[in-house]
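So the chains spell out like this:
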Amino acid sequence: MKMNCDIENCKSRCCHNCAVLTEDEISNLILNVRKKYTIELEPRKFFKKVKGEFGTYYAIKMIKGQCIFLNKENRCRIYLCRPTLCELYPVIDIDMVDKRCPIANMLPPEMLSGLKRRYAQEIDGNIKAEQTFLFV
Ligand code: SF4
Ligand code: SF4
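Being a predicted model, the structure only gives us computed values, none of them experimental. (Residues numbered from 1 in each chain as written. Chains lettered and ligands numbered in written order. Predicted model: local features only at pLDDT ≥ 70, side-chain atom pairs only at ≥ 80, totals over all residues. Heavy atoms only, no water.)

**Details of the overall build of the chain**
Which entries qualify depends on this criterion: Helix numbers and strand numbers start at the N terminus; a helix is a DSSP run of H or I with at least 4 residues, a strand a run of E with at least 2. Within these notes, the globule rule equals 2.2 Å times the number of residues to the 0.38 power, and the radius of gyration is based on C-alpha atoms.
Helix and strand counts for the chain stand at 6 helices and 8 strands. Counting from the amino terminus, helix and strand elements in the chain follow one another as α-β-α-α-β-β-β-β-α-β-β-α-α-β. Relative to its length of 136 residues, the chain is compact, with a C-alpha radius of gyration of 15 Å against a globular reference of 14 Å. Along the three orthogonal principal directions, the C-alpha set of the chain runs to about 40 × 35 × 30 Å.

Here is the structure:
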(Lines give C-alpha, C1' and ligand atoms only; values in the text may rest on other atoms or scores of the structure.)
(Ligands and ions follow the chains in the order given, each with its own letter.)
Protein backbone atom coordinates (compact mmCIF):
# COMPACT_ATOMS: atom_id res chain seq x y z
CA MET A 1 0.00 0.00 0.00
CA LYS A 2 1.39 3.40 -0.97
CA MET A 3 1.11 6.66 0.95
CA ASN A 4 -0.37 9.61 -0.89
CA CYS A 5 2.12 12.24 0.11
CA ASP A 6 1.61 15.79 -1.10
CA ILE A 7 5.18 16.99 -0.83
CA GLU A 8 4.30 20.41 -2.27
CA ASN A 9 2.30 20.91 0.90
CA CYS A 10 4.42 19.18 3.55
CA LYS A 11 7.86 19.89 1.95
CA SER A 12 8.84 16.38 3.05
CA ARG A 13 8.47 17.12 6.74
CA CYS A 14 9.72 13.62 7.49
CA CYS A 15 13.14 14.47 6.07
CA HIS A 16 13.68 17.29 8.54
CA ASN A 17 14.55 14.82 11.29
CA CYS A 18 17.73 12.80 11.25
CA ALA A 19 17.43 9.06 11.07
CA VAL A 20 19.62 7.15 13.54
CA LEU A 21 21.07 3.83 12.39
CA THR A 22 23.31 1.07 13.69
CA GLU A 23 26.77 0.56 12.27
CA ASP A 24 25.51 -2.50 10.30
CA GLU A 25 22.66 -0.50 8.81
CA ILE A 26 25.12 2.16 7.68
CA SER A 27 27.32 -0.48 6.00
CA ASN A 28 24.28 -1.96 4.22
CA LEU A 29 23.08 1.48 3.17
CA ILE A 30 26.47 2.30 1.65
CA LEU A 31 26.54 -1.04 -0.21
CA ASN A 32 22.97 -0.68 -1.47
CA VAL A 33 23.46 2.90 -2.65
CA ARG A 34 26.61 1.83 -4.49
CA LYS A 35 24.68 -0.98 -6.19
CA LYS A 36 21.43 0.84 -7.00
CA TYR A 37 22.63 4.37 -7.72
CA THR A 38 26.37 3.88 -8.39
CA ILE A 39 27.00 6.58 -5.83
CA GLU A 40 29.90 6.17 -3.42
CA LEU A 41 28.96 7.53 0.00
CA GLU A 42 32.01 8.70 1.88
CA PRO A 43 31.01 7.87 5.48
CA ARG A 44 32.40 11.02 7.10
CA LYS A 45 30.68 13.25 4.58
CA PHE A 46 27.21 11.79 5.00
CA PHE A 47 27.04 10.39 8.53
CA LYS A 48 27.95 11.49 12.01
CA LYS A 49 28.37 9.59 15.24
CA VAL A 50 25.71 9.76 17.85
CA LYS A 51 25.90 8.45 21.39
CA GLY A 52 23.09 7.11 23.47
CA GLU A 53 22.82 5.54 26.87
CA PHE A 54 23.08 2.04 25.34
CA GLY A 55 25.61 2.51 22.58
CA THR A 56 27.08 4.48 19.71
CA TYR A 57 25.16 4.79 16.46
CA TYR A 58 25.24 6.83 13.28
CA ALA A 59 22.95 9.59 12.11
CA ILE A 60 22.50 10.91 8.61
CA LYS A 61 23.89 14.44 8.44
CA MET A 62 21.56 17.38 8.14
CA ILE A 63 22.13 20.51 6.08
CA LYS A 64 20.15 23.63 6.93
CA GLY A 65 17.68 21.61 8.97
CA GLN A 66 17.09 18.89 6.44
CA CYS A 67 18.54 15.51 5.55
CA ILE A 68 21.63 15.66 3.35
CA PHE A 69 19.90 13.27 0.91
CA LEU A 70 16.92 15.53 0.24
CA ASN A 71 17.18 17.21 -3.15
CA LYS A 72 15.92 20.62 -4.25
CA GLU A 73 12.58 19.11 -5.26
CA ASN A 74 12.15 17.74 -1.72
CA ARG A 75 12.73 14.19 -2.88
CA CYS A 76 15.05 11.61 -1.42
CA ARG A 77 18.12 10.97 -3.55
CA ILE A 78 18.52 7.45 -2.14
CA TYR A 79 14.82 6.61 -1.88
CA LEU A 80 15.16 2.92 -2.84
CA CYS A 81 17.79 2.42 -0.13
CA ARG A 82 16.45 4.77 2.55
CA PRO A 83 16.76 3.69 6.19
CA THR A 84 13.97 1.64 7.74
CA LEU A 85 13.09 4.54 10.06
CA CYS A 86 12.37 6.61 6.93
CA GLU A 87 10.24 3.83 5.44
CA LEU A 88 8.16 3.58 8.58
CA TYR A 89 7.43 7.28 8.99
CA PRO A 90 5.01 8.70 10.25
CA VAL A 91 5.33 5.90 12.79
CA ILE A 92 8.05 7.08 15.16
CA ASP A 93 7.72 4.63 18.01
CA ILE A 94 6.04 1.30 18.76
CA ASP A 95 2.72 3.02 19.25
CA MET A 96 3.27 6.61 18.17
CA VAL A 97 2.81 8.59 14.99
CA ASP A 98 4.28 12.00 14.23
CA LYS A 99 1.30 14.35 14.06
CA ARG A 100 3.37 16.87 12.09
CA CYS A 101 2.90 14.64 9.06
CA PRO A 102 -0.29 15.91 7.37
CA ILE A 103 -1.44 12.42 6.40
CA ALA A 104 -0.66 10.74 9.73
CA ASN A 105 -4.32 10.75 10.74
CA MET A 106 -5.59 9.70 7.33
CA LEU A 107 -3.72 6.46 6.87
CA PRO A 108 -5.84 3.30 6.81
CA PRO A 109 -5.72 1.55 10.19
CA GLU A 110 -4.31 -1.66 8.66
CA MET A 111 -1.46 0.29 7.12
CA LEU A 112 -0.67 2.03 10.41
CA SER A 113 -0.72 -1.21 12.35
CA GLY A 114 1.57 -2.78 9.73
CA LEU A 115 4.06 0.08 10.10
CA LYS A 116 3.90 -0.17 13.91
CA ARG A 117 4.46 -3.91 13.74
CA ARG A 118 7.49 -3.40 11.51
CA TYR A 119 8.79 -0.74 13.91
CA ALA A 120 8.54 -3.22 16.77
CA GLN A 121 10.25 -5.99 14.79
CA GLU A 122 12.84 -4.21 12.68
CA ILE A 123 14.17 -1.27 14.65
CA ASP A 124 17.23 -2.03 16.72
CA GLY A 125 16.28 -2.67 20.36
CA ASN A 126 18.82 -0.25 21.77
CA ILE A 127 17.79 2.53 19.41
CA LYS A 128 14.16 1.99 20.46
CA ALA A 129 15.18 2.19 24.11
CA GLU A 130 17.16 5.42 23.80
CA GLN A 131 15.47 8.51 25.10
CA THR A 132 18.03 11.07 23.96
CA PHE A 133 20.96 11.02 21.60
CA LEU A 134 24.12 13.05 21.91
CA PHE A 135 25.66 14.05 18.59
CA VAL A 136 29.44 13.82 18.57
S1 SF4 B 1 5.22 10.90 5.12
FE2 SF4 B 1 4.12 12.79 5.72
S3 SF4 B 1 5.68 14.35 6.00
FE4 SF4 B 1 6.61 12.65 4.83
S5 SF4 B 1 6.36 13.20 2.64
FE6 SF4 B 1 4.59 11.97 3.23
S7 SF4 B 1 3.02 13.44 3.88
FE8 SF4 B 1 4.98 14.51 3.88
S1 SF4 C 1 17.24 9.33 3.80
FE2 SF4 C 1 15.76 10.04 2.33
S3 SF4 C 1 13.77 9.53 3.19
FE4 SF4 C 1 15.28 9.44 4.85
S5 SF4 C 1 15.26 11.47 5.81
FE6 SF4 C 1 16.85 11.46 4.22
S7 SF4 C 1 15.88 12.29 2.38
FE8 SF4 C 1 14.27 11.63 3.79
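On we go from here.
**What about the pattern of salt bridges?**
For clarity, the threshold we go by: Any Lys or Arg side-chain nitrogen found within 4 Å of a carboxyl oxygen on Asp or Glu counts as a salt bridge. Exposed residues in this analysis have more than 50% of their type's maximum accessible area, buried residues have under 20%, and partly exposed residues fall in between, with area computed by a 1.4 Å probe over protein chains only.
Counted under the stated rule, the structure contains 5 salt bridges. In this structure, arginine 118 and glutamate 122 form a salt bridge, with 2.8 Å as the shortest nitrogen-oxygen distance. With a gap of 4 residues between them, arginine 118 and glutamate 122 both fall in helix H5 (residues 109–122), about one helical turn apart. Residue classification places arginine 118 among the partly exposed residues on the basis of a relative accessible area of 25%. What emerges from the salt-bridge pattern is a single network uniting Glu87, Arg118 and Glu122.

**Brief notes about the packing of aromatic side chains**
Counted only if it meets this: For Phe, Tyr and Trp, rings pair up if their centres lie within 6.5 Å, where Trp contributes its six-membered ring, and each pair is then called stacked (planes under 30 degrees apart), edge-to-face (over 60) or tilted (otherwise). In our convention, an over-ring charge means Lys NZ or Arg CZ found within 6 Å of a ring centre and within 35 degrees of that ring's normal.
This structure, assessed with the given rule, holds 3 aromatic pairs. Geometrically, the ring pair formed by phenylalanine 46 and phenylalanine 69 is stacked, given 5.3 Å between the ring centres and 5° between the ring planes. Here phenylalanine 46 is found in helix H3 (residues 43–46), whereas its partner phenylalanine 69 is found in the loop between strand S5 (66–67) and helix H4 (84–88), with 23 residues between them in sequence. On the accessibility criterion, phenylalanine 69 (2% relative accessible area) is buried. Within the aromatic cluster, the residues linked to one another by ring pairs are Phe46, Phe47 and Phe69. Over the ring of phenylalanine 135 we find lysine 48, and its NZ or CZ is 4.6 Å from the ring centre. When the ring centre of tyrosine 79 is taken as origin, the NZ or CZ atom of arginine 82, which lies over that ring, is 3.7 Å away.

**So, the site of ligand 2**
Put simply, the test is: It suffices for a single heavy atom of a residue to lie within 4 Å of a molecule or strand for the residue to be listed as near it. Amino acids are sorted into nonpolar (Ala, Val, Leu, Ile, Met, Phe, Trp, Tyr, Cys and Pro), charged (Asp, Glu, Lys and Arg) and polar (every other residue, Gly among them).
In the vicinity of ligand 2, the contacting residues are Cys15, Ile60, Cys67, Phe69, Leu70, Cys76, Arg82, Pro83 and Cys86. Of the residues belonging to the shell around ligand 2, the class tally is 8 nonpolar, no polar and 1 charged.

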